[in-house]
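Each chain is listed here by its residues.
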Amino acid sequence: MDLPASPQQAHRTVTGKATSRVVLITGGTSGIGLSLADSFLREGDAVAVCARSRAGLDRFTEKHPDGLAVQADVTDPQARTALLDAVGERFGRLDVLINNAGGLVERDFSADDATAALDQEIDLNLTAPIHLTGETLRRWPDLSAIVFVTSGFALISPTRAPTYGAAKAGLHGFAEGLRRQLAPRGTHVLEVLPPTTDTPATAAKTGPKLPPAEVAEATIRALRERRPMAFPGNAKLMPALLRIAPRTLDRMVAKL
Ligand SMILES: NC(=O)c1ccc[n+]([C@@H]2O[C@H](COP(=O)([O-])OP(=O)(O)OC[C@H]3O[C@@H](n4cnc5c(N)ncnc54)[C@H](OP(=O)(O)O)[C@@H]3O)[C@@H](O)[C@H]2O)c1
(Lines give C-alpha, C1' and ligand atoms only; values in the text may rest on other atoms or scores of the structure.)
Protein backbone atom coordinates (compact mmCIF):
# COMPACT_ATOMS: atom_id res chain seq x y z
CA MET A 1 0.00 0.00 0.00
CA ASP A 2 1.29 3.52 -0.87
CA LEU A 3 1.27 5.76 2.17
CA PRO A 4 1.01 9.54 1.81
CA ALA A 5 4.20 11.51 2.49
CA SER A 6 2.98 13.75 5.31
CA PRO A 7 0.69 13.16 8.30
CA GLN A 8 -1.58 15.98 7.05
CA GLN A 9 -1.96 14.18 3.72
CA ALA A 10 -2.40 10.97 5.62
CA HIS A 11 -5.44 11.98 7.65
CA ARG A 12 -7.71 13.85 5.27
CA THR A 13 -8.60 14.05 1.63
CA VAL A 14 -10.25 17.17 0.20
CA THR A 15 -13.61 15.53 0.85
CA GLY A 16 -12.75 15.27 4.52
CA LYS A 17 -12.80 11.45 4.49
CA ALA A 18 -10.13 9.91 6.67
CA THR A 19 -7.77 7.85 4.55
CA SER A 20 -4.56 5.88 4.72
CA ARG A 21 -3.98 6.08 8.42
CA VAL A 22 -1.63 3.62 10.07
CA VAL A 23 -3.70 1.88 12.75
CA LEU A 24 -2.50 -0.49 15.48
CA ILE A 25 -5.19 -2.68 17.09
CA THR A 26 -4.34 -4.78 20.13
CA GLY A 27 -6.27 -8.06 20.14
CA GLY A 28 -7.04 -7.56 16.46
CA THR A 29 -7.33 -11.26 15.58
CA SER A 30 -10.79 -11.93 17.06
CA GLY A 31 -14.16 -10.41 17.86
CA ILE A 32 -14.37 -6.62 18.07
CA GLY A 33 -10.65 -6.14 17.27
CA LEU A 34 -10.90 -8.22 14.08
CA SER A 35 -14.05 -6.34 12.99
CA LEU A 36 -12.20 -3.08 13.59
CA ALA A 37 -9.27 -4.33 11.47
CA ASP A 38 -11.67 -5.40 8.67
CA SER A 39 -13.33 -1.96 8.73
CA PHE A 40 -10.12 0.11 8.74
CA LEU A 41 -8.69 -2.01 5.90
CA ARG A 42 -11.91 -1.48 3.92
CA GLU A 43 -11.48 2.29 4.48
CA GLY A 44 -8.04 2.03 2.83
CA ASP A 45 -6.00 2.29 6.03
CA ALA A 46 -2.86 0.32 6.87
CA VAL A 47 -3.46 -2.00 9.83
CA ALA A 48 -1.23 -3.76 12.34
CA VAL A 49 -2.67 -6.14 14.91
CA CYS A 50 -1.23 -8.03 17.83
CA ALA A 51 -2.33 -11.07 19.82
CA ARG A 52 -0.70 -13.97 21.66
CA SER A 53 -1.85 -16.98 19.68
CA ARG A 54 0.06 -17.86 16.50
CA ALA A 55 -3.01 -19.55 15.01
CA GLY A 56 -5.09 -16.35 15.25
CA LEU A 57 -2.29 -14.28 13.75
CA ASP A 58 -1.86 -16.75 10.87
CA ARG A 59 -5.61 -16.65 10.15
CA PHE A 60 -5.42 -12.83 10.12
CA THR A 61 -2.49 -12.84 7.67
CA GLU A 62 -4.27 -15.29 5.40
CA LYS A 63 -7.34 -13.02 5.35
CA HIS A 64 -5.39 -9.75 5.16
CA PRO A 65 -1.98 -10.32 3.52
CA ASP A 66 -1.38 -6.51 3.49
CA GLY A 67 -1.84 -6.26 7.26
CA LEU A 68 0.92 -6.67 9.82
CA ALA A 69 0.30 -9.37 12.44
CA VAL A 70 2.67 -9.32 15.42
CA GLN A 71 2.80 -11.92 18.17
CA ALA A 72 2.80 -9.84 21.35
CA ASP A 73 1.28 -10.14 24.81
CA VAL A 74 0.38 -6.55 25.74
CA THR A 75 1.07 -7.26 29.42
CA ASP A 76 4.74 -8.01 28.62
CA PRO A 77 6.88 -4.82 28.52
CA GLN A 78 9.45 -6.30 26.10
CA ALA A 79 6.71 -7.54 23.79
CA ARG A 80 5.15 -4.04 23.75
CA THR A 81 8.50 -2.53 22.74
CA ALA A 82 8.97 -5.15 20.01
CA LEU A 83 5.41 -4.50 18.79
CA LEU A 84 6.01 -0.76 18.38
CA ASP A 85 9.41 -1.51 16.76
CA ALA A 86 7.64 -3.76 14.22
CA VAL A 87 5.04 -1.08 13.41
CA GLY A 88 7.78 1.56 13.00
CA GLU A 89 9.85 -0.72 10.77
CA ARG A 90 6.92 -1.65 8.53
CA PHE A 91 5.03 1.65 8.28
CA GLY A 92 7.44 4.33 9.54
CA ARG A 93 4.79 5.90 11.76
CA LEU A 94 1.56 5.31 13.70
CA ASP A 95 -1.57 7.47 13.45
CA VAL A 96 -4.19 5.59 15.50
CA LEU A 97 -3.64 3.34 18.51
CA ILE A 98 -6.59 1.13 19.46
CA ASN A 99 -6.35 -0.41 22.92
CA ASN A 100 -8.82 -3.26 22.43
CA ALA A 101 -7.32 -6.43 23.99
CA GLY A 102 -9.16 -7.26 27.18
CA GLY A 103 -11.30 -9.86 28.84
CA LEU A 104 -13.91 -10.43 31.54
CA VAL A 105 -13.26 -12.85 34.41
CA GLU A 106 -16.28 -13.89 36.47
CA ARG A 107 -15.56 -13.72 40.20
CA ASP A 108 -17.88 -14.38 43.14
CA PHE A 109 -16.61 -12.62 46.25
CA SER A 110 -19.47 -14.11 48.24
CA ALA A 111 -17.84 -17.52 47.72
CA ASP A 112 -14.29 -18.60 48.60
CA ASP A 113 -11.13 -17.19 46.99
CA ALA A 114 -12.25 -14.93 44.18
CA THR A 115 -8.88 -13.31 43.58
CA ALA A 116 -7.09 -16.01 41.54
CA ALA A 117 -5.04 -14.44 38.71
CA LEU A 118 -6.40 -11.01 39.67
CA ASP A 119 -3.19 -9.15 38.80
CA GLN A 120 -3.20 -10.57 35.26
CA GLU A 121 -6.80 -9.43 34.76
CA ILE A 122 -6.10 -5.90 36.00
CA ASP A 123 -2.90 -5.78 33.95
CA LEU A 124 -4.67 -6.80 30.72
CA ASN A 125 -7.67 -4.49 31.17
CA LEU A 126 -6.06 -1.45 32.80
CA THR A 127 -2.28 -1.31 33.33
CA ALA A 128 -1.13 -2.64 29.94
CA PRO A 129 -3.22 -0.23 27.82
CA ILE A 130 -1.96 2.68 29.94
CA HIS A 131 1.67 1.56 29.46
CA LEU A 132 1.20 0.99 25.74
CA THR A 133 -0.39 4.43 25.37
CA GLY A 134 2.52 6.09 27.20
CA GLU A 135 5.11 4.17 25.19
CA THR A 136 3.34 4.97 21.91
CA LEU A 137 3.09 8.69 22.73
CA ARG A 138 6.81 8.82 23.53
CA ARG A 139 7.59 7.45 20.05
CA TRP A 140 4.89 9.24 18.08
CA PRO A 141 3.90 12.37 20.04
CA ASP A 142 1.72 13.69 17.24
CA LEU A 143 -0.46 10.60 17.10
CA SER A 144 -3.80 11.47 15.51
CA ALA A 145 -6.06 9.36 17.77
CA ILE A 146 -6.04 6.93 20.69
CA VAL A 147 -9.03 4.62 21.16
CA PHE A 148 -9.90 2.72 24.32
CA VAL A 149 -12.39 -0.12 24.00
CA THR A 150 -13.79 -0.17 27.52
CA SER A 151 -17.36 -1.44 28.03
CA GLY A 152 -20.81 -0.34 29.15
CA PHE A 153 -19.65 -2.02 32.37
CA ALA A 154 -17.17 0.86 32.82
CA LEU A 155 -20.17 2.96 33.90
CA ILE A 156 -22.10 0.33 35.84
CA SER A 157 -20.21 -2.68 37.16
CA PRO A 158 -21.44 -6.21 36.40
CA THR A 159 -22.61 -8.34 39.33
CA ARG A 160 -20.80 -11.42 38.04
CA ALA A 161 -17.47 -9.63 37.37
CA PRO A 162 -16.86 -6.69 39.74
CA THR A 163 -13.11 -6.56 39.05
CA TYR A 164 -13.75 -6.27 35.30
CA GLY A 165 -16.07 -3.35 36.07
CA ALA A 166 -13.38 -1.81 38.27
CA ALA A 167 -10.64 -2.14 35.62
CA LYS A 168 -12.83 -0.78 32.83
CA ALA A 169 -13.97 2.11 35.06
CA GLY A 170 -10.28 2.81 35.69
CA LEU A 171 -9.56 2.90 31.96
CA HIS A 172 -12.60 5.17 31.49
CA GLY A 173 -11.04 7.58 34.01
CA PHE A 174 -7.66 7.41 32.30
CA ALA A 175 -9.21 8.16 28.91
CA GLU A 176 -11.09 11.15 30.33
CA GLY A 177 -8.03 12.83 31.85
CA LEU A 178 -5.81 11.96 28.90
CA ARG A 179 -8.35 13.53 26.53
CA ARG A 180 -7.90 16.89 28.28
CA GLN A 181 -4.09 16.54 28.42
CA LEU A 182 -3.76 15.79 24.72
CA ALA A 183 -6.39 18.24 23.44
CA PRO A 184 -3.88 21.10 22.94
CA ARG A 185 -1.82 18.97 20.55
CA GLY A 186 -4.92 17.78 18.66
CA THR A 187 -4.80 14.08 19.58
CA HIS A 188 -8.33 12.72 19.63
CA VAL A 189 -9.02 10.38 22.58
CA LEU A 190 -12.06 8.18 21.96
CA GLU A 191 -13.62 5.74 24.42
CA VAL A 192 -15.85 3.01 22.94
CA LEU A 193 -18.32 1.40 25.36
CA PRO A 194 -19.86 -1.66 23.69
CA PRO A 195 -22.82 -3.56 25.15
CA THR A 196 -22.72 -7.39 25.07
CA THR A 197 -21.27 -8.19 21.66
CA ASP A 198 -21.27 -11.43 19.69
CA THR A 199 -17.61 -12.52 19.91
CA PRO A 200 -15.80 -15.72 20.97
CA ALA A 201 -15.58 -14.18 24.46
CA THR A 202 -19.38 -14.28 24.82
CA ALA A 203 -19.99 -17.59 22.99
CA ALA A 204 -21.37 -19.22 26.15
CA LYS A 205 -23.78 -16.37 26.87
CA THR A 206 -27.38 -16.36 25.74
CA GLY A 207 -29.47 -13.23 25.17
CA PRO A 208 -29.15 -10.35 22.73
CA LYS A 209 -25.68 -9.59 21.41
CA LEU A 210 -24.56 -6.82 19.07
CA PRO A 211 -22.69 -7.91 15.92
CA PRO A 212 -19.03 -6.80 16.29
CA ALA A 213 -19.22 -5.08 12.89
CA GLU A 214 -21.65 -2.59 14.48
CA VAL A 215 -19.10 -1.76 17.18
CA ALA A 216 -16.50 -1.19 14.44
CA GLU A 217 -18.90 0.99 12.46
CA ALA A 218 -19.71 3.12 15.53
CA THR A 219 -15.98 3.48 16.25
CA ILE A 220 -15.11 4.64 12.73
CA ARG A 221 -18.02 7.12 12.79
CA ALA A 222 -17.00 8.51 16.19
CA LEU A 223 -13.40 8.92 14.99
CA ARG A 224 -14.61 10.77 11.90
CA GLU A 225 -16.83 13.05 14.00
CA ARG A 226 -14.13 13.43 16.69
CA ARG A 227 -16.56 12.44 19.43
CA PRO A 228 -15.18 11.69 22.92
CA MET A 229 -17.28 8.57 23.47
CA ALA A 230 -19.11 6.01 21.34
CA PHE A 231 -22.02 3.95 22.67
CA PRO A 232 -22.72 1.24 20.07
CA GLY A 233 -26.12 -0.48 19.91
CA ASN A 234 -28.34 -0.27 22.99
CA ALA A 235 -25.42 1.09 25.06
CA LYS A 236 -26.57 4.45 23.69
CA LEU A 237 -29.40 4.34 26.27
CA MET A 238 -26.91 4.20 29.16
CA PRO A 239 -26.10 7.89 29.72
CA ALA A 240 -29.82 8.79 29.89
CA LEU A 241 -30.70 5.76 32.06
CA LEU A 242 -27.87 6.55 34.47
CA ARG A 243 -29.25 10.06 34.84
CA ILE A 244 -32.97 9.46 35.02
CA ALA A 245 -33.47 5.79 35.99
CA PRO A 246 -30.36 4.41 37.73
CA ARG A 247 -32.40 1.77 39.60
CA THR A 248 -33.85 0.41 36.36
CA LEU A 249 -30.32 0.17 34.96
CA ASP A 250 -29.20 -1.57 38.14
CA ARG A 251 -31.94 -4.18 37.71
CA MET A 252 -31.06 -4.66 34.03
CA VAL A 253 -27.36 -5.15 34.82
CA ALA A 254 -28.13 -7.67 37.58
CA LYS A 255 -29.53 -9.98 34.88
CA LEU A 256 -26.53 -9.71 32.50
N1 LIG B 1 -17.68 -9.12 23.69
C2 LIG B 1 -18.34 -8.27 24.49
O3 LIG B 1 -19.54 -8.48 24.87
C4 LIG B 1 -17.67 -6.99 24.95
C5 LIG B 1 -18.50 -5.97 25.48
C6 LIG B 1 -17.91 -4.80 25.92
C7 LIG B 1 -16.53 -4.64 25.83
N8 LIG B 1 -15.75 -5.64 25.33
C9 LIG B 1 -14.30 -5.41 25.26
O10 LIG B 1 -13.93 -5.47 23.90
C11 LIG B 1 -12.58 -5.93 23.78
C12 LIG B 1 -12.53 -7.09 22.82
O13 LIG B 1 -13.37 -8.13 23.30
P14 LIG B 1 -13.85 -9.33 22.39
O15 LIG B 1 -15.14 -9.80 22.95
O16 LIG B 1 -13.74 -8.96 20.95
O17 LIG B 1 -12.74 -10.43 22.79
P18 LIG B 1 -12.21 -11.72 22.01
O19 LIG B 1 -13.06 -12.11 20.86
O20 LIG B 1 -11.94 -12.72 23.10
O21 LIG B 1 -10.80 -11.21 21.43
C22 LIG B 1 -9.80 -10.79 22.30
C23 LIG B 1 -8.57 -10.47 21.46
O24 LIG B 1 -7.55 -9.98 22.35
C25 LIG B 1 -6.39 -10.81 22.22
N26 LIG B 1 -5.72 -10.84 23.52
C27 LIG B 1 -6.18 -11.34 24.68
N28 LIG B 1 -5.26 -11.19 25.64
C29 LIG B 1 -4.20 -10.58 25.06
C30 LIG B 1 -2.93 -10.17 25.53
N31 LIG B 1 -2.55 -10.36 26.81
N32 LIG B 1 -2.08 -9.57 24.67
C33 LIG B 1 -2.45 -9.37 23.38
N34 LIG B 1 -3.63 -9.75 22.88
C35 LIG B 1 -4.49 -10.34 23.71
C36 LIG B 1 -6.93 -12.16 21.74
O37 LIG B 1 -5.98 -12.96 21.08
P38 LIG B 1 -5.05 -14.03 21.86
O39 LIG B 1 -5.97 -14.79 22.78
O40 LIG B 1 -4.44 -14.84 20.78
O41 LIG B 1 -4.04 -13.22 22.61
C42 LIG B 1 -7.99 -11.68 20.75
O43 LIG B 1 -7.40 -11.27 19.55
C44 LIG B 1 -12.15 -6.28 25.22
O45 LIG B 1 -11.44 -5.19 25.77
C46 LIG B 1 -13.47 -6.47 25.94
O47 LIG B 1 -13.35 -6.24 27.33
C48 LIG B 1 -16.30 -6.81 24.88
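In case you missed it, the structure is sitting above this.
None of the values given here were measured: they were computed from a predicted structure.

(A) Representation of the site of the ligand within the structure. With respect to spatial proximity, 30 residues lie near the ligand, and among them Gly 27, Gly 31, Arg 52, Ser 53 and Gly 102 are the closest. Put simply, the parts of the chain that give the shell around the ligand at least two residues each are helix 2 (31-42) and strand 2 (46-51). When residues in the shell around the ligand are grouped by element, the largest group, 3 residues, is from helix 2. Grouping the constituent residues of the shell around the ligand by class yields 11 nonpolar, 17 polar and 2 charged.

(B) Quick peek at the sheet that holds strand 1 (residues 22-26). Here we have 7 strands laid out as an open sheet, ordered 3-2-1-4-5-6-7, and parallel in their pairing. The sheet is open, and its two borders are formed by strand 3 (68-71) and strand 7 (229-230), each paired with just one other strand. Pairing analysis gives 5 bridges linking strand 5 (residues 145-149) to strand 6 (residues 188-192), with the strands arranged parallel. From the neighbouring strand, Val 149 faces strand 6, where its bridge partner is Val 192. Packed onto the sheet, helix 6 (residues 162-182) meets strand 5 and strand 6 and runs at close to 160 degrees relative to strand 6. Where helix 7 (residues 212-224) meets the sheet, it contacts strand 5, strand 6 and strand 7, and its direction lies at approximately 155 degrees from that of strand 6.

(C) Spotlight on the nonpolar core. Ranked by size, the top nonpolar core spans 63 residues in total, and within it Val 23, Val 49, Ile 98 and Val 147 carry the most contacts. Per-element accounting of this core gives the leading share, 6 residues, to strand 2. Apart from the residues lying within four places of it in its own chain, the contact partners of Ile 98 are Val 23, Leu 24, Ile 25, Thr 26, Leu 36, Val 147 and Val 149.

(D) Representation of the environment of Gly 177 in the model. For Gly 177, the location among the structural elements is in helix 6. Along the primary structure Gly 177 and Val 189 are separated by 12 residues, whereas in three dimensions their C-alpha atoms are 9.6 Å apart.

(E) Spatial organisation of the pairing of strand 2. Burial runs high along strand 2: 6 of the 6 residues are buried. Of the two faces of strand 2, the one holding Ala 46, Ala 48 and Cys 50 and the one holding Val 47, Val 49 and Ala 51 are both buried throughout. Note that strand 1 and strand 2 share 5 bridges and pair parallel. Within strand 2, the position partnered with Thr 26 by the bridge is Cys 50. Following the chain from strand 1 across helix 2 to the adjacent parallel strand 2, one finds a crossover that is right-handed. On the question of chirality, the crossover connecting strand 2 to the parallel strand 3 by way of helix 3 (residues 54-63) is right-handed.

(F) View of the packing of helix 4 (residues 77-91) against helix 5 (residues 118-139). Direction vectors running N to C along helix 4 and helix 5 enclose 40 degrees, while the axes themselves pass 11 Å from each other. With respect to helix 5, the axis of helix 4 lies oblique. Handedness of the crossing formed by helix 4 with helix 5: right-handed. Here helix 4 contributes Arg 80, Leu 84 and Gly 88 to the contact with helix 5, which in turn contributes His 131, Leu 132, Glu 135, Thr 136 and Arg 139. Taken together, the residues that form the contact of helix 4 with helix 5 break down as 2 nonpolar, 3 polar and 3 charged.

(G) Broad picture of helix 6. In a regular helix each residue adds 1.5 Å, so 21 residues correspond to 30 Å; helix 6 covers 30 Å between its end C-alpha atoms and thus fits that length. Restricting attention to buried positions, one finds in helix 6 the residues Thr 163, Tyr 164, Gly 165, Ala 167, Lys 168, Leu 171 and Ala 175. Those residues of helix 6 hidden inside the fold are in contact with helix 5, strand 5 and strand 6.

Cut-off values and rules
- Residues numbered from 1 in each chain as written.
- Predicted model: local features only at pLDDT ≥ 70, side-chain atom pairs only at ≥ 80, totals over all residues.
- Near = placed C-beta within 6 Å.
- Helix = DSSP H or I, 4+ residues; strand = E, 2+ residues; numbered from the N terminus.
- Nonpolar A, V, L, I, M, F, W, Y, C, P; charged D, E, K, R; others polar.
- Pairing = 2+ DSSP bridges.
- Contact = placed C-beta atoms within 7 Å.
- Axes fitted to C-alpha atoms, helices over the stretch in contact; angles between N-to-C directions.
- Core = buried A, V, L, I, M, F, W, Y, C linked by C-beta atoms within 7 Å.
- Buried ≥ 20, exposed ≤ 12 C-beta atoms within 10 Å, placed from the backbone.
- Right-handed = clockwise from strand over helix to strand, strands pointing away.
- Parallel < 35°, antiparallel > 145°, perpendicular 65-115°, else oblique.
- Left-handed = near helix turned anticlockwise from the far one by under 90°.
- Expected span 1.5 Å × (residues − 1).

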